[in-house]
Amino acid sequence: MISIGGDDTLTTAAKFKLFQDTLPGDQPRVRVVHLPKTIDNDYQGIDFTFGYFTAVEMLATQTATCWPTPGRRAPGSSAS
């Protein structure tokens, strides 16, 4: 099983793995691998996760559309 997500997803994947550890030795197991993906970039031990830079870029793009530029008014402003 490949788990992709943040802290909650990691916790669920870890619980699934721990559950499998309680099974009798002759029972089949599913390998569990977790791939961190979070916009918070709050994982310890790694520099960044995918998802983080996408969120930062999206925020920058959306914020830039809110600022007035020469020849363009900010959204919601009235013409004077």
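So, how was this worked out
- Residues numbered from 1 in each chain as written.
- Predicted model: local features only at pLDDT ≥ 70, side-chain atom pairs only at ≥ 80, totals over all residues.
- Heavy atoms only, no water.
- Salt bridge = Lys/Arg side-chain N within 4 Å of Asp/Glu carboxyl O.
- Helix = DSSP H or I, 4+ residues; strand = E, 2+ residues; numbered from the N terminus.
- Buried < 20%, exposed > 50% of the residue type's maximum accessible area, 1.4 Å probe, protein only.
- Right-handed = clockwise from strand over helix to strand, strands pointing away.
- pLDDT = per-residue confidence, 0-100.

(A) Spotlight on the pattern of salt bridges. Per the stated rule, a full pass over the model turns up one salt bridge. When the shortest N-O distance is used, the salt bridge between Asp 21 and Lys 17 registers 2.8 Å. With Asp 21 and Lys 17 both in helix α1 (residues 7-21), this residue pair falls four residues apart, about one helical turn. Using a relative accessible area of 44% as the deciding quantity, one classes Asp 21 as partly exposed. Under the relative-accessibility criterion, Lys 17 is labelled partly exposed at 39%.

(B) Here's a closer look at the pairing of strand β1 (residues 2-5). The alternating pattern of β1 places Ser 3 and Gly 5 on a buried face and Ile 2 and Ile 4 on a face that is not buried. Taken together, β1, α1 and strand β2 (residues 33-36) constitute a β-α-β crossover, and its handedness is right-handed.

(C) Focus on the confidence of the model for the protein chain. Chain-level pLDDT for the protein chain is 79 on average; 76% of the residues reach the 70-or-more range. Mean pLDDT across the elements of the protein chain bottoms out in helix α2 (residues 52-64) (78) and peaks in α1 (91).

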